Amino acid sequence: EVNALTMGDIADFRSFMDELRLFNKALTQEDVQAIIRTETGEIFNMPFDGHTRDVVSDMEATVVGTPGFAGESVVGTGAYAGAAGAYLTFPGETLQHEQFSASFWLKINAVPDRAGILVMGPPDPNLPATPNNRTAGFRFFREAAGAMQRFKLNVGNGTADSWFDGGAAADVDPSSNEWVHFAFTISDTECVVYINGNVVSQGAFDGVDWTGCDVLSIMSGAPRFTEWGHLSDQSYMDDLRIFNKVLTQADVENLMDAD
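Here's a quick rundown of the structure. (Residues numbered from 1 in each chain as written. Predicted model: local features only at pLDDT ≥ 70, side-chain atom pairs only at ≥ 80, totals over all residues. Heavy atoms only, no water.)

Turning to the pattern of salt bridges, a few remarks are in order. The tally for this structure, following the rule as stated, stands at 13 salt bridges. Taking the shortest distance from any N to any O, the salt bridge between aspartate 58 and arginine 53 comes out at 3.2 Å. A salt bridge links aspartate 239 to arginine 241; its shortest N-O distance comes to 3.1 Å. Residue class for aspartate 239 comes out buried when judged on its relative accessible area of 4%. (Salt bridge = Lys/Arg side-chain N within 4 Å of Asp/Glu carboxyl O. Buried < 20%, exposed > 50% of the residue type's maximum accessible area, 1.4 Å probe, protein only.)

Here the focus is the environment of arginine 142. Inspection of the secondary structure puts arginine 142 in strand E10 (residues 138-145). The exposure class assigned to arginine 142 is buried, which follows from its relative accessible area of 0%. Sequence separation between arginine 142 and arginine 114 is 28 residues; the distance between their C-alpha atoms is 5.4 Å. Among the polar contacts listed, one links the side chain of arginine 142 to the side chain of glutamine 149, at a separation of 2.8 Å. Within the structure, arginine 142 has its side chain in polar contact with the side chain of aspartate 233 (distance 3.0 Å). (Helix = DSSP H or I, 4+ residues; strand = E, 2+ residues; numbered from the N terminus. Polar contact = N/O pair within 3.5 Å; in protein donor to acceptor, adjacent residues only side chain to side chain.)

Scanning all chains against the criterion turns up 19 aromatic pairs. Note on phenylalanine 140 and phenylalanine 182: the rings are 6.2 Å apart at their centroids and 65 degrees apart in plane angle, and the pair reads as edge-to-face. Of the two residues, phenylalanine 140 sits in strand E10 while phenylalanine 182 sits in strand E14 (residues 179-186), which places them 42 residues apart along the sequence. (Phe/Tyr/Trp six-rings, centres within 6.5 Å; stacked < 30°, edge-to-face > 60°.)

What follows covers unusual backbone geometry. Cis geometry marks the peptide bond from valine 111 to proline 112; its omega dihedral reads 0 degrees. Each neighbour pair has its own omega, and for alanine 222 with proline 223 the value is 5 degrees, a cis peptide bond. By the element assignment, proline 223 lies in the loop between strand E17 (215-218) and strand E18 (236-243). In this structure, aspartate 58 takes a positive phi of about 60 degrees despite not being glycine. In this structure, aspartate 58 sits in the loop between strand E2 (53-54) and strand E3 (59-60). Not every positive phi belongs to a glycine, and asparagine 196 is a case in point at roughly 50 degrees. Looking at where asparagine 196 falls in the secondary structure, it is placed in the loop between strand E15 (190-195) and strand E16 (198-204).

Laid out in structure tokens, this is it:
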């Protein structure tokens, strides 16, 4: 038996509601996901569920070498498994905004003991064979710090580069064999690096320049950041996302919890 609601009953519905929309069509799953991404600022999502496709643009990454898929993941199935000489590239132009954030999971393989993870930088006319032009775009990478791996962000403003190196706070023990969450944000006032939701590096910055940054490299410094040996990362990566806004610490924690 169903009883009619009284005005008093309706008045007792005290939850919050926001952004109510009605449509004169049946929404598909893709429609719903597109609405969510518009609200969250998500412009790139590569879940690595046995593929290397950005599900926002429905575009496949270009595969260099022979990476594989792991027998495990944080979410979904089959995280990306790096291999020597292997990485992905993706067109960079649609990802370039004044505000930029990235979020992903890694299970770290410290051999080799340094590697590029995410790079979107320009060509280097002075060092075409081993490029290291840091005046534009960004480079997120790792290096050995004793038995630890230290994670660093470098960003160019068009004329010079800035370093966001948290020192020991940005060290991760690769022997733990655990999934670790990373995120970083770039705006016209500062850059922030997060590890497992904690701020490990933060500093003032006057805005990224994207000149010449037409390629995003995933899990390698190649082809635009190789002079210092930051080549392919043989770690596992899962749930790579990029946003055209600055993620807050709460946003980063929510991404971790959602996974």
